[in-house]
Each structure stands twice: as structure tokens, then as C-alpha cells.
Amino acid sequence: MTDKRKKACPNTSCHTYKQKKYDASLNFCPICGEKLIYVCKNPKCFKPIEDKGPYHTMCEECIAHREDIKDEIMNDAKKAGKAVLGIGPTIVAAIKSETVKEITKTTKKAVHNVFNKIKK
Ligand SMILES: [Zn+2]
Ligand SMILES: [Zn+2]
């Protein structure tokens, strides 16, 4: 299977620091050459995570938070479902597609950076 984890540059003086995430297959920052570290895949979170395998993609905080969100959505969906039938799945789908979009954007940028590096 493909490694869905994200990496980021730990170099605080690199301009990608807390700005860009890279694919797990990349080992070094294309900008400054620093060794990349595994970080939380949440687009708004850059917390480093331990290398516990490809399934461990988010930091403890985001995992906990995500559980909260899931509960919230489920409760809201149930409540809303009583009023307007079928709005629950729509909310869930909207959240999912938003996350996918974020990840794709980051991945594209990372690929672009690698290509620029090769050209030079
Ligand atoms: Zn860097
Ligand atoms: Zn996180």
C-alpha cells in the first residue's frame, strides 16, 4: 500500500517550515536539504508524529479532535435528519471532499518543487 503520511521540514529558518507538507516518499526538503520529519496529515496541523507505520497519519491531538468532530457531526446529523431528511450525509461528504482537496493541493506543490530541483 502507499504511505499516506505527510512529512515536513523541521528547519525553522526554511520558508517551507510550517507552510508545506511533502509526501512520505520524500526524505529531504527540496528547498533547504534538511531531513524531513513525519508530521500530522491534518492540513492545519504541523505537529511531528512518531514513525509508527503508514497507518499512523495524525497526531494524538487531531485524532482525539477528529473523534469529537465525528460525534458532533453524528449528533447534528441525527438532529438535522429529523428536520430535513438526508442533510447528514451531505455534511459528512462536504467535510471529506474539503480534506481531500487540501491534501491534493499540498501534494501537487511538493511534486512541482521536486521537478524544479531536477531542472536545476
Ligand atoms: Zn526546508
Ligand atoms: Zn495534528
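See the structure printed just above.
Residues numbered from 1 in each chain as written. Chains lettered and ligands numbered in written order. Predicted model: local features only at pLDDT ≥ 70, side-chain atom pairs only at ≥ 80, totals over all residues.

## Describing the overall build of the chain
Okay, so step 1: Helix and strand content of the chain: two helices and three strands.
Okay, so step 2: Counted from the first residue to the last, the chain has its helices and strands arranged as β-β-β-α-α.
Okay, so step 3: Counting over 120 residues, the chain shows a buried share of 17%.
Okay, so step 4: Taking contacts inside the chain between residues at least 6 apart in sequence as the whole, the part at least 24 apart equals 34%. (Helix = DSSP H or I, 4+ residues; strand = E, 2+ residues; numbered from the N terminus. Buried ≥ 20, exposed ≤ 12 C-beta atoms within 10 Å, placed from the backbone. Contact = placed C-beta atoms within 7 Å.)

## Remarks on the sheet that holds strand β3 (residues 37-39)
Okay, so step 1: Spatially, the three strands line up as an open sheet ordered β2-β1-β3, and their pairing is antiparallel. Each end of this open sheet is capped by a strand with a single partner; those strands are β2 (22-23) and β3.
Okay, so step 2: Both strand β1 (residues 6-8) and β3 contribute to a ladder of three bridges, which runs antiparallel. Pairing of Lys6 across the sheet is with Val39, part of β3. (Pairing = 2+ DSSP bridges.)

## As for the nonpolar core
Okay, so step 1: The biggest cluster of nonpolar side chains holds nine residues, and these are Ala8, Cys9, Tyr22, Cys29, Leu36, Val39, Cys40, Ile49 and Cys59.
Okay, so step 2: Once residues lying within four places of it in the same chain are set aside, the contact partners of Cys59 are Cys40, Cys45, Lys47 and Ile49. (Core = buried A, V, L, I, M, F, W, Y, C linked by C-beta atoms within 7 Å.)

## Topic: the environment of Tyr55
Okay, so step 1: Within the secondary structure, Tyr55 sits in the loop between β3 and α1 (60-83).
Okay, so step 2: When the C-alpha positions of Tyr55 and Lys4 are compared, they lie 7.7 Å apart, and in sequence the two are 51 residues distant.

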